[in-house]
Amino acid sequence: MNIRALSPLLALLLFVSAPACGGGDGTPDPDGGPEGDQGGNDQGSDDAGDDIGGGDAGDVTAPVPGAAGLLAASNPTSSSIDLTWTAATDDTTAQSTLEYRVYFSLEDNLDTVADVLANGTRAGELMTNFTTLTVGPLALDQPIYFNVLVRDEAGNLAVYDGVGESTLDGDWQAVETPEDYAGSVELPRFALNPYGDLLLWWHEQPAYAPQVAFRGRAEDDFGEDSPWSSGIWTADMDYGFDGLRSVSFRDMGATNDLVFGGGVGPDPEVFDDIAVGVSQDYTYEAFVCVAENTHAMVVWLDGAGNQDYSLRARFRTENGIWGTTSLVNASEGQGLESLQVVCSPDGNHVVIFVDNSASPSALKARVYDADARAWEAPAFTLTTGPGPYAGLYSATRAADGRVVVVWQEAVDATEESPSVLRARTYGAGTWSAVALLDDSTSGRMQVTAAGNDVHAVWQDGAQLVTSRLDAGSTAWTTAAPIGPVAGLRQLCLAGDSFGGALLAWRETTTVLTRTYRDGWGNATTLRAESDTGTGENSLDCVLDLRKRASVVWTTRPDIASSTFSVSVRTFR
């Protein structure tokens, strides 16, 4: 799976409904930002502008909140909370023209006017004549603190007595099938943008035509699927700060062209040529990253033979201008494989690959310095073995910027050699020493960031085992089993900005999941084993900014069928 990371946002995403107030529509602005001021990145005060304060200098008396400042929260659901308050009064401003605005925080720090303006995230605009508000959608199972600011015509401010309430937990919903196609599909994948909107994309067979379906941050279900492009096989999509971006291969007969697609809707606005006339048989593993400032990176492997690969990259900066192609590995035509990329919102992306040009093979990483617009040189060797890797590694980026790479490595070069699990962390321009997570592993493994923590999960015989690298720590926790596993075929791990994690896996044709919230919960079966089967390499999972967990896989309708369709289940 593509183990890239965008910056997790600690704020809740918000959509409000109130009399004469309205709210966002859950869709991003054309520039990629959240609609209005409903976005999750509006943490803290932005009320230093002219809509707060000012007015008649002769009136210095603040309004008096109604009912001794009483504010009530009620009717919590898994995604919303109702707020009610009594109207305030003022010595000069009519009650009907007093203005109110609700603020919320994840901490109990909204006691005074100064606290609200410094710590609160606003829910909508200043409005008159309303004393009730439904705030949502919010993250599920989350304590949230509220207060109401009231302003008179002279700009004097007061706040009510703050109140806290928690949203409810969710449930696994029925299977969604956003794909509408009579033929077979494969390789469904999720991509989450920084504002909480979710993309699901897959390929329709036999032409490998990419299709996309969107679920806005304020929506519960995916919309209808749409074609992303025709006649172009898409290798990777980044649903980033400025919309949807892709890297694809255009079939030119004897060769391929590598192209970058961009757009804010389901259809790409433009395809930029990144590399033309590359070998059709030996071009693969391409990734795209888009930083917060909209600078983009495309990185890919190409070569004239299966042991003759070069790792290349191109960068787009201001005004959509693409620079010249740069070589990421040491020289042209090396035995490279297993390319992965960890994207960063600041543009300091990390490219990881296996170098088979010498014996033993080496797992390497190279970091791009966005400020210098150059690669940090040379590529850093994470380990050289002594045993083979076979591409068994995973990487992630925590909210604090640390990049963690975990890999499985044989203790010697023999085929019967046992495997161990090791890790290194990149931060402040330096790679850590090698850490040993487990001296005995036997199967698949994944790593993910959960806020500033990092979780690793792997197979050891008939058990799933986990270890955690906590925020601010350099030492992994002791490896511990979290549950049995039998016939493991696929494994997926995802995290959210609140510190939660989602584990999904497939045992033969059964799809199961566990969630982490201060500890790993019990296993839940999303799809029971049956004769119809699930598709290979089809499992993916995600936690969005409202803590909703989603898992996707492909399923064929009956044992006689050779077609597979997309199946999604969401916890909300």
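Up top you'll find the structure we're talking about.
Residues numbered from 1 in each chain as written. Predicted model: local features only at pLDDT ≥ 70, side-chain atom pairs only at ≥ 80, totals over all residues. Heavy atoms only, no water.

A. Examining the side chain of Ser248 more closely. Mapping Ser248 onto the fold places it in strand S15 (residues 243-251). A distance of 2.9 Å separates a polar atom in the side chain of Ser248 from a polar atom in the side chain of Thr234. Apart from residues no more than four positions distant in its own chain, Ser248 is found in contact with Ile232, Trp233, Thr234, Ala235, Asp257, Leu258 and Val259. (Helix = DSSP H or I, 4+ residues; strand = E, 2+ residues; numbered from the N terminus. Polar contact = N/O pair within 3.5 Å; in protein donor to acceptor, adjacent residues only side chain to side chain. Contact = heavy atoms within 4.5 Å.)

B. Here's a closer look at the state of the cysteines. Applying the stated rule across the entire model yields two disulfides. Here Cys289 engages in a disulfide with Cys343; their sulfurs sit 1.9 Å apart. A torsion of -75° about the S-S bond marks the disulfide between Cys289 and Cys343 as left-handed. Of this pair, Cys289 sits in strand S18 (residues 283-290) while Cys343 is found in the loop between strand S22 (336-342) and strand S23 (350-355), placing the two residues 54 residues apart along the sequence. Note on accessibility: Cys289 and Cys343 belong to one class, buried. Here Cys492 pairs with Cys541 through a disulfide, and the sulfurs are 2.1 Å apart. Measuring the twist about the S-S bond at about -100°, one finds the Cys492-Cys541 disulfide to be left-handed. With a gap of 49 residues between them, Cys492 in strand S36 (residues 488-495) and Cys541 in strand S40 (residues 540-543) connect regions that are remote in the sequence. Exposure class is identical for Cys492 and Cys541. Each is buried. Going through the protein chain in sequence order and numbering each bonded cysteine, the pairs you get are 1-2, 3-4. (Disulfide = S-S within 2.5 Å. Buried < 20%, exposed > 50% of the residue type's maximum accessible area, 1.4 Å probe, protein only.)

C. Representation of the packing of aromatic side chains within the structure. Tallied over the full model, the rule gives 15 aromatic pairs. When the centroid spacing of 6.4 Å and the interplanar angle of 80° are considered together, the rings of Tyr100 and Phe130 count as edge-to-face. Of this pair, Tyr100 sits in strand S4 (residues 99-105) while Phe130 sits in the loop between strand S5 (121-128) and strand S6 (132-135), placing them 30 residues apart in sequence. A single burial state applies to Tyr100 and to Phe130, both of which are buried. Ring pairing ties together the aromatic residues Trp85, Tyr100 and Phe130, which thus form one cluster. Lys547 extends its terminal NZ or CZ atom over the ring of Phe498, reaching a point 4.9 Å from the ring centre. (Phe/Tyr/Trp six-rings, centres within 6.5 Å; stacked < 30°, edge-to-face > 60°. Lys NZ or Arg CZ within 6 Å of the ring centre and 35° of its normal.)

D. Structural context of unusual backbone geometry. Here Gly136 and Pro137 are connected by a cis peptide whose omega angle stands at 0°. Here Pro137 lies in the loop between S6 and strand S7 (143-151). Across the junction of Gln205 and Pro206, the peptide omega takes the value 10°, indicating a cis bond. Mapped onto the fold, Pro206 is located in the loop between strand S11 (198-204) and strand S12 (209-215). The backbone of Ser338 sits at a positive phi, close to 55°, despite the residue not being glycine.

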